[in-house]
Amino acid sequence: MGKVAAVLKVMPESPDVDLDALEERLSESLPEGAKINGVETEEVAFGLTALLTTVIVPDDAGGTEAVEDAFAGVEDVESVSVEEVGRI
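Definitions and limits used
Residues numbered from 1 in each chain as written. Predicted model: local features only at pLDDT ≥ 70, side-chain atom pairs only at ≥ 80, totals over all residues. Heavy atoms only, no water. Pairing = 2+ DSSP bridges. Helix = DSSP H or I, 4+ residues; strand = E, 2+ residues; numbered from the N terminus. Axes fitted to C-alpha atoms, helices over the stretch in contact; angles between N-to-C directions. Contact = heavy atoms within 4.5 Å.

1. Brief notes about the sheet that holds strand 3 (residues 48–58)
Point 1. Here we have four strands laid out as an open sheet, ordered 2-3-1-4, and antiparallel in their pairing. Since the sheet does not close on itself, it has two edges, and those belong to strand 2 (35–45) and strand 4 (77–87), each with one partner. Averaged over all neighbouring strand pairs, the angle between strand axes comes to 25 degrees, with direction disregarded.
Point 2. Relative to strand 4, strand 1 (residues 3–12) runs antiparallel, the two sharing nine bridges. Note that in strand 4 the partner of Met 11 across the bridge is Ser 79.
Point 3. Against the sheet, helix 2 (residues 65–72) engages strand 1, strand 2, strand 3 and strand 4, with an angle of about 160 degrees to strand 4.

Here's what the structure looks like:
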């Protein structure tokens, strides 16, 4: 069984969102078998900063859809998009 690494861009609802707290809520929302391997920030515009979250999921888990859905349901998340996907 292989693994898939995906970079998900998580946009907060506003520039006022505490990114450390948001990162913690994202980590807590992960489905079983998935883990966060790293988080970077990216300045977007008007003071808004996105989180670029690298997530590792088992290859048999059906891709990143479960993680995307979990992240989208987290408080203060405006949107989630897949930036990169690759097998490891």
